[in-house]
Amino acid sequence: MKNTILTLQKRKQNQQKITMLTAYDYTTAKLMDESGIDCLLVGDSLGMVMLGYDSTVSVTMEDMIHHSKAVARAAKSAFVVTDLPFMSYHTSVYDAVLNAGRLIKEGQAQAVKLEGGQAFYEHIKMITQASIPVVAHIGLMPQSVLALGGYKVQGKDYEHAKNIVLDALAVEKAGAAAILLECVPAGLAKFITQLVNIPTIGIGAGVDCDGQVLVYQDMLSMYDGISSKFVKSFASIGEQMKQAFKLYCQEVNNRQFPATNHEFSIEDNVIEKLKLEFTINHKG
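Calculation criteria
- Residues numbered from 1 in each chain as written.
- Predicted model: local features only at pLDDT ≥ 70, side-chain atom pairs only at ≥ 80, totals over all residues.
- Heavy atoms only, no water.
- Pairing = 2+ DSSP bridges.
- Helix = DSSP H or I, 4+ residues; strand = E, 2+ residues; numbered from the N terminus.
- Axes fitted to C-alpha atoms, helices over the stretch in contact; angles between N-to-C directions.
- Contact = heavy atoms within 4.5 Å.
- Buried < 20%, exposed > 50% of the residue type's maximum accessible area, 1.4 Å probe, protein only.
- 1 Å grid on protein atoms, 1.4 Å probe; cavity = no way out; pocket = protein on both sides within 12 Å on 5 of 7 lines; lining within 4 Å.
- Points joined across faces, edges and corners; volume = space filled by probe spheres on them.
- Parallel < 35°, antiparallel > 145°, perpendicular 65-115°, else oblique.
- Left-handed = near helix turned anticlockwise from the far one by under 90°.
- Phe/Tyr/Trp six-rings, centres within 6.5 Å; stacked < 30°, edge-to-face > 60°.
- Salt bridge = Lys/Arg side-chain N within 4 Å of Asp/Glu carboxyl O.

Peer 1: Would you take a moment to explain the sheet that holds strand E7 (residues 200-203) for this structure?
Peer 2: Adjacent strands of a sheet pair through backbone hydrogen bonds, lying either parallel or antiparallel. Read around the barrel, eight strands follow the order E1-E2-E3-E4-E5-E6-E7-E8 and close on themselves; strand pairing throughout is parallel. Averaged over all adjacent pairs, the angle separating strand axes in this sheet is 25 degrees, with direction ignored. Here strand E4 (residues 111-115) runs beside strand E5 (residues 134-139); their pairing, made up of four bridges, is parallel. When the sheet's bridge partners are listed, Lys113 is paired in E5 with Val135. Packing of helix H6 (residues 121-129) onto the sheet brings it into contact with E4 and E5, and relative to E5 it is tilted by some 160 degrees.

Here it is, written out as structure tokens:
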């Protein structure tokens, strides 16, 4: 059965956790869907993990639509949420509704996600009035990382914590269907989760959120180096992939692959006839 925004709401009401992972392509999304992941997030993080950008700022609507369509084709059960990229909704409420509609119509998403709280009240309100579910992203907002002064934990003191609470209340009032809380203290995330009536999805926000999300390349250790504190490696897929690629190179170079069992046969007399014909024609 296909998950919907009502599925997530019921999970909160029944105190059942919600699982979400990022997905950007058909094959990976299919594996996640078949594994029982509740939600697939086509995040603008694809700018870095799929397109090689330094940040999410360069991601376009066309990028998001392209990847969203691929994920949606694979999601038989999972609920698909797609990010509105940087400057696709900041300029006006009209642009916000228009581009949200494009992600639903062209990208086949079931909901859109946008970064921002109180400042985007009207944007969220009008998108939801267009019958498009919105997931509001508050706390650390990667699209605003320049204004925030870097990737830092948000809401550690009273004034900043209060502002995040006000953001949560504002987006709920505006009609948001869920809230994504990124990189906030666990106690604050727990307080907000208990305060609002809509599901909260955490990333670096502690265990008491209604659900959790991770970038799948992070949780599969597909990158070298130190990851964020809130990331757990569930498998060393990156190292396994590199070893497989190295073994492939080795076997090709040593003529071990392809082996006889990987080949298709042809009768010797066919080859002999070809040799005779093309050798004669070439000499002629």
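Peer 1: Explanation requested: the pairing of strand E1 (residues 18-22) in the structure shown.
Peer 2: On any regular strand, side chains alternate: one points to one face of the sheet, the next to the other face. Here E1 lies mainly inside the structure; four of its five residues are buried. In the sheet, E1 pairs with strand E8 (residues 211-214) via four bridges, with the strands oriented parallel. Each residue of the ladder has a partner; that of Met20, found in E8, is Val213. Alignment of E1 against strand E2 (residues 39-42), held across three bridges, turns out to be parallel. When the bridges of E2 are listed, Thr22 appears paired with Leu41.

Peer 1: Even after reading the chapter, I still don't get empty space enclosed by the protein, so can you show me in this structure?
Peer 2: Empty pockets left among the atoms are what a rolling probe the size of a water molecule brings to light. Tallied over the full model, the rule gives one cavity of 30 Å³ or more. Empty space within the largest cavity amounts to approximately 30 Å³. In terms of lining residues, the largest cavity is bounded by Leu8, Met20, Phe79, Val81, Val135, Ala178 and Ile201.

Peer 1: Mind showing me how you'd approach the packing of helix H4 (residues 61-74) against helix H5 (residues 93-105) here?
Peer 2: Following both chains from N to C, one finds H4 and H5 inclined at 25 degrees, their axes separated by 9 Å at the closest point. If you check the angle between H4 and H5, you find them roughly parallel. Handedness of the crossing formed by H4 with H5: right-handed. Facing Met61, Glu62, Met64 and Ile65 of H4, the residues of H5 in contact are Asn99, Arg102 and Leu103.

Peer 1: What's the story with the packing of aromatic side chains in this structure? I'm lost.
Peer 2: Two measures describe an aromatic ring pair: the distance that separates the ring centres and the angle between the ring planes. Applying the stated criterion across every chain yields a total of three aromatic pairs. Ring centres 6.0 Å apart and planes at 35 degrees place the aromatic pair Tyr24 and Tyr216 in the tilted group. Highlighted residues: Tyr24 in the loop between E1 and helix H2 (26-34) and Tyr216 in helix H10 (residues 216-219), separated in sequence by 192 residues.

Peer 1: What am I meant to see in the pattern of salt bridges here?
Peer 2: Charged atoms that come close allow side chains of opposite charge to pair. Under the defined criterion, the tally for this structure stands at seven salt bridges. Between Glu34 and Lys30 there is a salt bridge, with its nearest N and O atoms 2.6 Å apart. Here Glu34 and its partner Lys30 are both found in helix H2, four residues apart, which amounts to about one turn of the helix. In this structure, Asp83 and Lys113 form a salt bridge, with 2.8 Å as the shortest nitrogen-oxygen distance. Remark: Lys113 occurs in strand E4 and Asp83 occurs in strand E3 (residues 79-83); sequence separation between them is 30 residues. For Asp83, a relative accessible area of 3% corresponds to the buried category. Relative accessible area serves as the criterion here: at 4%, Lys113 is assigned to the buried category. Via salt bridges that share partners, Glu62, Arg102 and Glu106 belong to a single interconnected network.

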